[in-house]
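Descriptive analysis of the structure
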Protein chains: 4
Amino acid sequence: MKYRVCVLGATGLVGQRFVSLLARHPWFELEILTASKKYVGMKYGEVVNWVVDNSMPEDVGEIEISSVDPEVIAREKPDIAFSALPSDVAVEVEVELLKRGINVVSNASPMRMEPDVPLLNPEVNADHLELVKQQVRRGWRGILAKVPNCSTAILTLALKPIADEFGIKRVIVSTMQSVSGAGFRGVPSVAILDNVIPYIKGEENKVERETLKILGSVEEGKIRYADIGVTASCHRVMVLDGHLEAVFVETSKKTAVEEVKEVLREFRGNKIRGMNLPTAPSEPVVVKEEPDRPQPRLDRMAGRGMSVVVGRVREDKVLGGVKFVVLGHNTVRGAAGTAVLIAELITREGLI
Amino acid sequence: MKYRVCVLGATGLVGQRFVSLLARHPWFELEILTASKKYVGMKYGEVVNWVVDNSMPEDVGEIEISSVDPEVIAREKPDIAFSALPSDVAVEVEVELLKRGINVVSNASPMRMEPDVPLLNPEVNADHLELVKQQVRRGWRGILAKVPNCSTAILTLALKPIADEFGIKRVIVSTMQSVSGAGFRGVPSVAILDNVIPYIKGEENKVERETLKILGSVEEGKIRYADIGVTASCHRVMVLDGHLEAVFVETSKKTAVEEVKEVLREFRGNKIRGMNLPTAPSEPVVVKEEPDRPQPRLDRMAGRGMSVVVGRVREDKVLGGVKFVVLGHNTVRGAAGTAVLIAELITREGLI
Amino acid sequence: MKYRVCVLGATGLVGQRFVSLLARHPWFELEILTASKKYVGMKYGEVVNWVVDNSMPEDVGEIEISSVDPEVIAREKPDIAFSALPSDVAVEVEVELLKRGINVVSNASPMRMEPDVPLLNPEVNADHLELVKQQVRRGWRGILAKVPNCSTAILTLALKPIADEFGIKRVIVSTMQSVSGAGFRGVPSVAILDNVIPYIKGEENKVERETLKILGSVEEGKIRYADIGVTASCHRVMVLDGHLEAVFVETSKKTAVEEVKEVLREFRGNKIRGMNLPTAPSEPVVVKEEPDRPQPRLDRMAGRGMSVVVGRVREDKVLGGVKFVVLGHNTVRGAAGTAVLIAELITREGLI
Amino acid sequence: MKYRVCVLGATGLVGQRFVSLLARHPWFELEILTASKKYVGMKYGEVVNWVVDNSMPEDVGEIEISSVDPEVIAREKPDIAFSALPSDVAVEVEVELLKRGINVVSNASPMRMEPDVPLLNPEVNADHLELVKQQVRRGWRGILAKVPNCSTAILTLALKPIADEFGIKRVIVSTMQSVSGAGFRGVPSVAILDNVIPYIKGEENKVERETLKILGSVEEGKIRYADIGVTASCHRVMVLDGHLEAVFVETSKKTAVEEVKEVLREFRGNKIRGMNLPTAPSEPVVVKEEPDRPQPRLDRMAGRGMSVVVGRVREDKVLGGVKFVVLGHNTVRGAAGTAVLIAELITREGLI
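Residues numbered from 1 in each chain as written. Chains lettered and ligands numbered in written order. Predicted model: local features only at pLDDT ≥ 70, side-chain atom pairs only at ≥ 80, totals over all residues. Heavy atoms only, no water.

**Quick word on the overall build of chain A**
Counted only if it meets this: What counts as a helix is a DSSP run of H or I of at least four residues, what counts as a strand is a run of E of at least two, and both are numbered from the N terminus. Throughout, radius of gyration means the C-alpha value; the globule benchmark is 2.2 Å times the number of residues raised to the power 0.38. The cut-offs for exposure are 20% and 50% of the maximum accessible area for each residue type, with area from a 1.4 Å probe on protein chains only; residues under the lower value are buried, those over the upper are exposed, and the others partly exposed. Throughout, a contact is declared for two residues whenever any of their heavy atoms are within 4.5 Å. All accessible areas in this document rest on Shrake-Rupley with a 1.4 Å probe, and a residue is counted as covered only by the protein chains that are shown. Neither His nor the chain ends contribute to the count of charged residues, in which Lys and Arg are positive and Asp and Glu negative. Positions of charges follow a simple convention, taking NZ of Lys, CZ of Arg, CG of Asp or CD of Glu.
Across its full length, chain A carries 11 helices and 14 strands. The globule rule puts the C-alpha radius of gyration for 352 residues at 20 Å, and the 19 Å found for chain A is close to it. Projected onto its principal axes, the C-alpha coordinates of chain A cover approximately 60 × 50 × 35 Å. Within chain A, the fraction of its 352 residues that count as buried is 64%. Sequence separation of at least 24 residues holds for 77% of the intrachain contacts in chain A that already meet a minimum separation of 6. Put simply, chain A shows about 12,600 Å² of open surface, and 46% of that area lies on carbon and sulfur atoms. Separation between the mean location of the 46 positive side-chain charges and that of the 47 negative ones in chain A comes to 2 Å.

Shown next, in the form of structure tokens:
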């Protein structure tokens, strides 16, 4: 028996990735898709402007668009709702679903920093999932897990093995983010052609704060932020998919480049190792030796979009540590893929 | 009477910028243009594939291409030779010209770090010019000045006012560099379309070392490097012209964002202030207040390509200092424009 | 004394071109700028997201945004209103202004094919201006002239000299249009990156019909369409500015390539020749001999954006005629520039 | 037992597609790869700069690069050599291999129009293969088949069903071709960024002439060109893969749009229908109903890159016929994929 799942906001770029990942999922059955009010009752295949790489799974095109009204969704009793809703409407819908007993895995930014809401990047902090036990105090009958900001999900996967082995004091990161990160209409071509836009609203703050929560620990039911300084500068470049990040790390212990590469390559994720979650990549962190990799167009689909790719690991004498470049697929590893992986973790843990 | 000048390597992208800047220069008369052997004797207008923005100055198109043979050039006795030669041939040609009494302002990277060769970014370190006096020991009868690496020229112009006012301990910089920086055939479209290439051969080393020389001081005829740690990560993005750099600065004294903006805005260049050099921009550092500027396409021509544009100045609590974004035109401020400015400085100083 | 002018829809891409062209116009004084209701009362410089090449004329930034309400505008009694309004609101506003005695030169598509409204590309059909005399029957106290569709303005300028000299039977045209033609938010980067979109709503119909009106004649006060067959296929490519069109022409008389180039080069525009209109380019049609020109990035600013550039003129034996490529700047020659040229024609003709 | 095959010029973009298609081919065993002299003896995986979408098949990376010397290759006695050699060296190598009994399927342009060399687009003109019988007169012991020019392969696949059903008098075609068509270093990014280049050397001539041979018939051993007029205009756009073509067709019989779409959709290829060739797409011509398709990025991989995608079929009253847009993958359908399909046809026909 498969779990019955719902995608909230199924026509956007992240929504399409959800559909793509869930259409033939071994554990989940895609049953409910919501979109703008004007599309309710129409077929998904008629209203979606499908632009993610693979062609749209055919049977999904026949699904009738549902209303995003929590009352209506709850009547269908899905086991899990994946949320790709815009921030301004996400909270209300998600909370209403939680009250009605629907479990929610959400890509929307509000509530990511709440102390009883796990912000999960499964290979990094699957153990934070225990925070959900406290959510009952809110009167929720379902559980809520949040997916990190896209740049942060990619960054923390590369930082975790280093933090565990060498300790991290400070991280300085500059991102080069793809246009798909802003959604279909987010970046006009007139704005980005022959250009870089050195600003993404709210992004730096998310990277700087969410990283501390994800790399933090849960002790006696309380989240304890990692004691790391993170400073970020975020930029939009003319790339379709894939966020590239130049990362400088000051470590606690002395590092050697070859050792860093080794711990990155061997990283498998603490708690989820051995769980055989279907969406987990076999190598969460791929390390490249070529001098000019990773590159977004060539490497973003590593591990079917779920691996991050690290390259150019080199010693940083100025900071005392290492510098490297990391790439991840922003709508897969940075959004829908991580959400599906979280849902797999939740079901495997017997939480639903 | 104008000084008679020569451009070595006049058909490339930097060569074209030289031609564009020198064609109607008030002090310099463009008389000699060199290019590949196969073009010698043909007209410049017939062999150049003109791609820089403005249309080619018409009279220049009539100039006959000369051989790059130093013997041949020396016979014409130009006052100054501007070199846009590739690194592998630059040294030999430049040295032979110097021996024959031709002054050389060179954009080529070899010899930039020689102790008796000034590496000039005029607003920053015009006083380093005195090093040329020592060149006579090499048996040169002309003088040699070097233009910094493009990213470094842009970076040091933004760092200098901060270094003077607040002191700088460490600089972490990530660049997003345009394709014109690699020359006309440097970056194939197949390589860069929908992509970022996180590697530019030799670039990081140049930024890290040249910055120290430029921000250093000359004491008793000796160059003393600045005591700053600089670490860089360099990336190529799909932009035609304009290098954008995300800069994190750890300062010695406490800074306030508004003070930093003020010292940047008020910076005029120590020694060259008041010299009225024709190519010097009225504002070497333009500071933007809009949250999403500078942008390469919109800001690269500030000060006719000779100003750098700084934006997003914000406090950096992690490093103890500031972070900001700086943009400059790589083939103008980062190459030909700075070379012409150096030549203006040299002539104004009475060195030729 | 200058004519006092108004730009309706001054913040969009065409609106910005209007502002750029009118800010220092010798005959026109830019006094009124309208924009979205939410901006009324704010300064232009505060609300516009200036992206056209040159920096914004400073004094214009101080102009206070006016309401687009015709009543309000009419109170200011501008001599001419330039309209860059979206199609859906243009008709009503324009008609209300006309009733109130304001002359309108409009870039909006509605009413372009009305028999008493001249659709003007001044070098081609300035004589059609006489149609405005009939507009009094509509109860208008101002006069209305329409600017052609952008692709059509560019195309007809290249066709007119050929039609006059050789006669034209059929025209087959495929366009490669820039993203600025769709307005600032018109083409999302996610849609066009690494792509061509072979569809522009309504565009082919406009090219096929408007060409016949523009190349037609006015006889006894009646517009008589040209007896030409025009068939078009329109495509959007990733270019910022400049529409390129591949044109195949079946001519009535036999042509020779050199003759065609000559009539194109010598074309000056029948009626406006000698009028010295400030915005008229000295060469309306520039002909290139290089095998790979015109190119949008290199040639779109020919004649300050008001010339079209023709290249690759070659015999077409299959059709019996010629084929060539023509390029024009879509928001200058194809919109704001032609509108200003029309206004110059109208004032020179003493119609206002 | 599989046929043993060789790829001449295996490191270029077309060579990489060959490798990708042949690495796991059910009938062919990839044994020999040639590249520049400097790489001979090195492993393919070490020398290739792999940029085609899928990651490189691992075992292939271990193949040692061979010399392109026909003597050396012939010693290995491959059954088929696939040639992706540049035009200037192709003829000599190919002829020497043919003399030594190696069968050659070649993507290089020389000899395409020779009367005894079939220019094959298998679904269109598999029956032309009989021409190879005449090649013995040249003293060849192997057989030679040529792959059409990329734009022509795509075009003729869309024209054939129309020609068969309605007859074709004239074709006017404008292409928008991707940068990969010029090879890895063919189009510099500085040349094509924010630009279209309206010229591809020799391309229009190839489209105009090869189409007539491919759509022609073989009668009594002689190739008889189709009696069609074809005129082309070819343009390079900033797209990675996929040539888009705007096609206007004057037909002999009256057409209706729905009928044209039906014959395109139902087309299966005359002779190869039922042969079950592994690389043959199930639908050679995919017809789209959406108004804005086909688009290169979304549709180029239709039929694993072997289908062409037609859209926007509409009546053309001016010409008397139809106009439409067709897209195909230039290095698959337009090069390596068609070559492999030809080789499958040859082996199935028992010619080797």
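**Let's talk about unusual backbone geometry**
Residue and element names in this part refer to chain A. In this chain, Arg-293 is followed by Pro-294 through a cis amide linkage whose omega measures 5 degrees. Topologically, Pro-294 is positioned in the loop between strand S12 (285–287) and helix H10 (296–299). We note that Asn-276 has phi near 55 degrees; this positive angle belongs to a residue other than glycine. By secondary structure assignment, the location of Asn-276 is in the loop between helix H9 (257–266) and S12.

**Remarks on the packing of aromatic side chains**
Cut-off, in case you're wondering: Think of it this way: a Phe, Tyr or Trp ring, Trp meaning its six-membered ring, pairs with another when their centres are within 6.5 Å, and the plane angle makes it stacked under 30 degrees, edge-to-face over 60, tilted otherwise.
Following the criterion strictly, the structure yields 13 aromatic pairs over all chains and no others. With a centroid separation of 5.2 Å and 35 degrees between ring planes, the pair formed by A:Phe18 and A:Phe82 is classed as tilted. Taken together, the residues span a long stretch of sequence, with A:Phe18 in helix H1 (residues 13–22) and A:Phe82 in strand S4 (residues 80–83) at a distance of 64 residues. The burial state of A:Phe18 is the same as that of A:Phe82; both residues are buried. Centroid distance C:Phe28 to C:Phe82: 6.2 Å. Interplanar angle 65 degrees. Geometry classified as edge-to-face. Of the two residues, C:Phe28 sits in strand S2 (residues 28–34) while C:Phe82 sits in strand S4 (residues 80–83), which places them 54 residues apart along the sequence. When its relative accessible area of 1% is taken as the criterion, C:Phe28 is described as buried. Ring pairs connect the aromatic residues A:Tyr3, A:Phe18, A:Phe28 and A:Phe82, which therefore count as one cluster.

**Observations regarding the interface of chain B and chain A**
Which entries qualify depends on this criterion: Throughout, buried area stands for the accessible area (probe radius 1.4 Å) lost by two parts on being put together, summed over both. In what follows, salt bridge is the name for a side-chain nitrogen of Lys or Arg lying within 4 Å of a carboxyl oxygen of Asp or Glu. Polar contacts here mean pairs of N or O atoms no more than 3.5 Å apart (in protein, one a potential hydrogen donor and the other a potential acceptor; neighbouring residues in sequence count only if both atoms are side-chain atoms).
With 47 residues of chain B at the contact, the number on the chain A side is 47 residues. Summed over both partners, the interface of chain B with chain A buries about 3,700 Å², with 56% contributed by carbon and sulfur atoms. Counting the surface chain B buries against chain A, the share from its top three residues, B:Asp194, B:Arg297 and B:Val318, is 17%. At the boundary of chain B with chain A, the tally comes to eight salt bridges. A salt bridge links A:Arg314 to B:Glu204; the shortest N-O distance between them is 3.0 Å. On inspection of chain B and its partner chain A, the count reaches 31 residue pairs in polar contact (both at pLDDT 80 or more).

**So, the interface of chain A and chain C**
Heads up, the condition is: Residues are grouped as follows: nonpolar covers Ala, Val, Leu, Ile, Met, Phe, Trp, Tyr, Cys and Pro; charged covers Asp, Glu, Lys and Arg; every other residue, Gly included, is treated as polar.
Across the contact, 18 residues belong to chain A and 18 residues belong to chain C. Across the interface of chain A and chain C, roughly 1,400 Å² is buried in total on both sides, 74% from carbon and sulfur atoms. Linking chain A with chain C are zero salt bridges. Between chain A and chain C we count two residue pairs in polar contact (both at pLDDT 80 or more) in total. Counted by class, the side of chain A that touches chain C contains 13 nonpolar, four polar and one charged residues.

**Topic: the pattern of salt bridges**
Residue and element names in this part refer to chain C. Tallied over the full model, the rule gives 100 salt bridges over all chains. Among the ionic pairs, Glu-71 bridges to Arg-100, the shortest N-O distance being 2.8 Å. Of the two residues, Glu-71 is situated in helix H3 (residues 70–76) and Arg-100 in the loop between helix H4 (87–99) and strand S5 (103–106); the sequence distance between them amounts to 29 residues. The class for Arg-100 is partly exposed, based on a relative accessible area of 28%.

**Topic: the sheet that holds strand S1 (residues 3–8) of chain D**
Residue and element names in this part refer to chain D. Operational definition: Pairs of strands are assigned from DSSP output, requiring at least two bridges between the strands. Whenever a helix is involved, its axis is fitted only over the stretch in contact; in every case the axis is a line through C-alpha atoms, and angles between N-to-C directions fall within 0 to 180 degrees.
Within the open sheet, the six strands sit side by side as S3-S2-S1-S4-S5-S6. Their pairing is parallel. Each edge of the sheet is formed by a strand with only one pairing partner; in this case those strands are strand S3 (65–66) and strand S6 (144–146). Relative to S3, strand S2 (residues 28–34) is paired through two bridges, and the arrangement is parallel. Considered in S3, the bridge of Leu-33 is made with Ile-65. In the packing of helix H4 (residues 87–99) onto the sheet, the strands contacted are S1, strand S4 (80–83), strand S5 (103–106) and S6, and the crossing angle to S5 comes to about 155 degrees.

**Observations regarding the relation of the copies chain B and chain A**
The operation relating the two chain copies consists of a rotation about an axis and a shift along that axis. Test applied: The fit set for superposing copies consists of C-alpha atoms from residues with pLDDT of at least 70 in both; the fit itself is least squares.
Of the transformation superimposing chain B on chain A, the axial component is 0.0 Å and the angular component is 180 degrees, with the fit at an RMSD of 0.0 Å. The two molecules are tied by a two-fold rotation axis, judged by turn and shift. Comparing interface residues between copies, 100% of those in chain B also lie at the interface in chain A; the contact surface is shared.

**Points about the pairing of strand S13 (residues 308–316) of chain A**
Residue and element names in this part refer to chain A. Counting buried residues along S13, eight of its nine residues qualify, which places the element largely inside the surrounding structure. Of the pairings in the sheet, the one linking S12 to S13 comprises three bridges and is parallel in character. Among the inter-strand pairings, Val-285 is bridged to a residue of S13, identified as Val-308. The antiparallel pairing of S13 with strand S14 (residues 321–328) creates a hairpin that spans four residues between the two strands, and Gly-320 there sits at a positive phi of about 80 degrees.

**Digging into the environment of B:Asn330**
All names here are of chain B. Within the element layout of this structure, Asn-330 appears in the loop between strand S14 (321–328) and helix H11 (332–348). C-alpha separation for the pair Asn-330 and Val-72, spaced 258 residues apart in sequence, amounts to 31 Å. Non-local contacts of Asn-330, meaning those with residues more than four positions away in its chain, are made with Cys-150, Ile-154, Ser-178, Ser-180, Gly-181, Asp-241, Gly-242, His-243 and Ala-335. There is a polar contact of 2.9 Å between the side chain of Asn-330 and the side chain of Ser-180.

**A look at a negative patch on the surface**
Defined as follows: Patches were defined on residues exceeding 30% relative accessible area and lacking a salt bridge, with like-charge contacts within 9 Å and nonpolar side-chain contacts (Val, Leu, Ile, Met, Phe, Trp, Tyr) within 5 Å.
Together, A:Glu165, A:Glu259, A:Glu262 and A:Glu266 give the surface a local cluster of negative charge. Inspection of the secondary structure assignment puts A:Glu259 in helix H9.

**Digging into the sheet that holds strand S10 (residues 229–236) of chain A**
Residue and element names in this part refer to chain A. Strands sit in the order S10-S7-S11-S14-S13-S12 across an open sheet of six strands; the sheet is mixed. Only two strands of the sheet have a single neighbouring strand rather than two, namely S10 and S12. With strand direction ignored, the average angle separating the axes of adjacent strands in the sheet is 25 degrees. Sheet strands touched by helix H6 (residues 150–166): strand S7 (168–177), strand S11 (243–251), S12, S13 and S14. Its angle to S11, the strand with the most contacts, is close to 30 degrees.

**Things to note about the state of the cysteines**
Residues and elements named next belong to chain C. Formally: Two cysteine sulfur atoms form a disulfide, by the criterion used here, when they sit within 2.5 Å.
With the rule as written, the count across this model stands at zero disulfides over all chains. Looking at Cys-234, it has no disulfide partner, and the nearest cysteine sulfur is the one in Cys-150, 8.8 Å off. What makes Cys-234 buried here is its relative accessible area of 0%.

**Re helix H11 (residues 332–348) of chain C**
Residues and elements named next belong to chain C. Where we set the bar: Under the convention used throughout, the expected extent of a helix is 1.5 Å for every residue step, that is, one less than its residue count. To get the bend at a given residue, fit one axis to the seven residues ending there, fit another to the seven starting there, and take the angle between those axes.
Compared with an ideal rise of 1.5 Å per residue, which puts 17 residues at 24 Å, H11 spans 21 Å between its outermost C-alpha atoms and falls more than 12% short. Along H11, the sharpest kink reaches roughly 45 degrees, centred on Thr-338. Of the residues flanking the end of H11, it is Gly-350, one or two places downstream, whose phi is positive at about 75 degrees.

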